[in-house]
Amino acid sequence: MHSIIRGVLIGVAMLVALVACAQQPEDVPAAGQDRVAARFGDVEITEAEVEEAAGGQLLQLYQQMYQVKDRQLQAMIFDTLVDQAAAKEGISRADYLKKEVTDQIPAPTEEQIQQIKNQYKTQLPPDEAQARQQIIAFLQQQSGQQVEGALKARLFDAAGVEILLDPPRVEPVVEAASPARGPRDAPIVFIEYTDYQCPYCDRVQPTIRALRERYGDSMVHVFKNLPLPMHQQATLAAEASFCAQDQGKFWELHDWLFANKNNISRDTMVAQAEALAMDVEAFGACIDARTHQARVQADAAEAGSFGIRGTPGFVVNGRVVTGAQPLEAFIEIMDDELRRAGKPVPGAAEADAETGSDS
């Protein structure tokens, strides 16, 4: 069963490129060594110079290496703990997993079956019985992943597992002027690099809202701009959002921009500024003077330096995440960050209570 989880994680990683607006790569800086990589005539090129030129491309490779190592490490730990638990109970590994995972998978309810049927009806076989069989198998697989994940969490917690493998991290700058929601000293700093006209950026907003609800004061959501050249009004919208911030209306205009991403213009934003009871004349003058052009450019340059060249992009406590990832992908990282910081993880106590764990 745990092979299912590993397969799903690998699949998610492969889909990253499909869930982001993208732009062409550019040179970005990265750390490196000062050893000489090439020499000709009186010219020397060091590894540090090569890494600086490669920049974000290397960072992406380092992240992939970390993800592979982390998946393998956790699988090895889980396998060992399952073997130990089975031996302690005097049963085989297969019997232990059957008892703790397979036998705990609930039968799908009729409501769940109908929900999946309605959601994916165009992708299901026309034969009713065959479609129902596929839906039930999907729901059981999904429940199995959740049950095994809960077992893994219990075993790791009971054994006091400490993951010392640290992911590659970048160092973004969070200034006092950076729009943010949540305590600035929160243990999770969640930075979003976005484009108001990117459909995937709009699509990920409910996920961000769900994260803010889940983590509360343990998370600060910092907003940064990455307008892409393919979206004609994105830069204008980014600069205008900072003009709204000057009047304390950043998040109000932020929400309107995403809701009206296909209807963004100077006139529509000025009209919305009036609806938000802003000083329309000052707002329009701020837009026309391109008062915040440098701020938007600085946000975009920082994103590029981290290898984020498409939107949406995120940095979670220095860990780069690209694309409109599902909620679970962010939760995995953010829960891990809280554990590393020795902070409580939301929902952990409730999960233990539901599974009857007293560990």
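Quick note: structure is the one above.
Residues numbered from 1 in each chain as written. Predicted model: local features only at pLDDT ≥ 70, side-chain atom pairs only at ≥ 80, totals over all residues. Heavy atoms only, no water.

Remarks on the pairing of strand 5 (residues 188-194)
- Of all 7 residues in strand 5, 6 are buried; the element is thus mostly enclosed.
- As judged from the 4 bridges shared by strand 5 and strand 8 (residues 313-316), these two strands associate in the antiparallel manner. Bridging across to strand 8, Phe-190 finds its partner in Val-316. (Buried < 20%, exposed > 50% of the residue type's maximum accessible area, 1.4 Å probe, protein only. Helix = DSSP H or I, 4+ residues; strand = E, 2+ residues; numbered from the N terminus. Pairing = 2+ DSSP bridges.)

A look at the pattern of salt bridges
- Taken as a whole and assessed by the stated rule, the structure comprises 21 salt bridges.
- Residue Lys-99 is joined to Glu-89 by a salt bridge in which the shortest nitrogen-to-oxygen separation is 3.2 Å. Separated by 10 residues along the polypeptide, Lys-99 in helix 4 (residues 93-100) and Glu-89 in helix 3 (residues 56-89) bring together distant segments of the chain.
- Here Lys-99 falls in the partly exposed class, since its relative accessible area comes to 32%.
- A relative accessible area of 42% places Glu-89 in the partly exposed class.
- The shortest N-O distance in the salt bridge between Arg-169 and Asp-166 comes to 3.2 Å.
- We classify Arg-169 as partly exposed; its relative accessible area is 32%.
- For Asp-166, a relative accessible area of 45% gives the class partly exposed.
- Beyond isolated ion pairs, a larger network of salt bridges with shared partners links Asp-166, Arg-169, Arg-319, Asp-336, Glu-337 and Arg-340. (Salt bridge = Lys/Arg side-chain N within 4 Å of Asp/Glu carboxyl O.)

Focus: helix 12 (residues 280-288)
- Of the positions making up helix 12, those classed as buried are Phe-283, Gly-284, Cys-286 and Ile-287. In a view along the axis of helix 12, the buried residues occupy a sector of 160°, so they form one face of it. What points out from helix 12, more than 90 degrees from its buried face, is the exposed set Glu-281 and Asp-288.
- Elements that come into contact with the buried residues of helix 12 comprise helix 9 (234-245), helix 10 (250-259) and helix 11 (266-275).
- With a side-chain oxygen positioned 3.2 Å from the backbone nitrogen of Glu-281, the residue opening helix 12 is Asp-279.
- Of the residues flanking the end of helix 12, it is Arg-290, one or two places downstream, whose phi is positive at about 50°. (Arc of directions from axis to C-beta. Contact = heavy atoms within 4.5 Å. Polar contact = N/O pair within 3.5 Å; in protein donor to acceptor, adjacent residues only side chain to side chain.)

Some points on the environment of Ala-38
- Within the secondary structure, Ala-38 sits in strand 2 (residues 36-40).
- Sequence separation of Ala-38 and Val-50 is 12 residues, and the distance between their C-alpha atoms is 9.9 Å.

Considering the packing of aromatic side chains
- On inspection of all chains with the given rule, the structure shows 9 aromatic pairs.
- Here the aromatic rings of Tyr-196 and Phe-223 are separated by 5.5 Å at their centres, their planes lie at 25°, and the arrangement is stacked. You can see Tyr-196 sitting in the loop between strand 5 and helix 7 (199-203) and its partner Phe-223 sitting in strand 6 (residues 219-225), a full 27 residues away along the chain.
- Geometrically, the ring pair formed by Phe-223 and Trp-251 is edge-to-face, given 6.3 Å between the ring centres and 85° between the ring planes. Linking Phe-223 in strand 6 with Trp-251 in helix 10, this pair joins segments that are 28 residues apart in sequence.
- Above the ring of Trp-251, the side-chain terminus of Arg-181 is found at 3.7 Å from the ring centroid. (Phe/Tyr/Trp six-rings, centres within 6.5 Å; stacked < 30°, edge-to-face > 60°. Lys NZ or Arg CZ within 6 Å of the ring centre and 35° of its normal.)

Let's talk about a nonpolar patch on the surface
- The grouping of Phe-40, Val-43, Ile-45 and Val-50 at the surface amounts to a nonpolar patch, some 310 Å² of accessible area in total.
- Note on placement: Val-50 falls in helix 2 (residues 47-54). (Patch = residues over 30% accessible without salt bridge, like charges linked within 9 Å, V, L, I, M, F, W, Y side chains within 5 Å. Areas by Shrake-Rupley, 256 points an atom, 1.4 Å probe, with all protein chains shown as cover.)

Considerations on the sheet that holds strand 8
- Pairing in this open sheet of 5 strands is mixed, and the strands run 4-6-5-8-9 from one edge to the other. Both edges of this open sheet fall to strand 4 (180-181) and strand 9 (319-322), since each of them pairs with a single strand only.
- Sheet topology note: the strand 8/strand 9 ladder contains 4 bridges and is antiparallel. Its bridge partner being in strand 9, Val-315 is matched across the sheet by Val-320.
- Along the sheet, helix 10 makes contact with strand 4, strand 5 and strand 6, crossing strand 6 at roughly 65°. (Axes fitted to C-alpha atoms, helices over the stretch in contact; angles between N-to-C directions.)

Let's talk about the nonpolar core
- Within the largest apolar cluster, 41 residues are counted, with the highest numbers of intra-cluster contacts made by Met-269 and Phe-283.
- Breaking this core down by element, the ones donating at least two residues are strand 5, strand 6, helix 9, helix 10, helix 11, helix 12 and helix 13 (293-305).
- If we ignore the near neighbours within four places in the chain, the residues touching Phe-283 are Ala-240, Cys-243, Ala-244, Gln-247, Leu-253, Met-269, Val-270, Ala-273 and Met-278.
- By size, the runner-up hydrophobic cluster in this structure holds 17 residues, among which are Phe-190, Met-219, Phe-330 and Ile-331. (Core = buried A, V, L, I, M, F, W, Y, C linked by side-chain atoms within 4.5 Å.)

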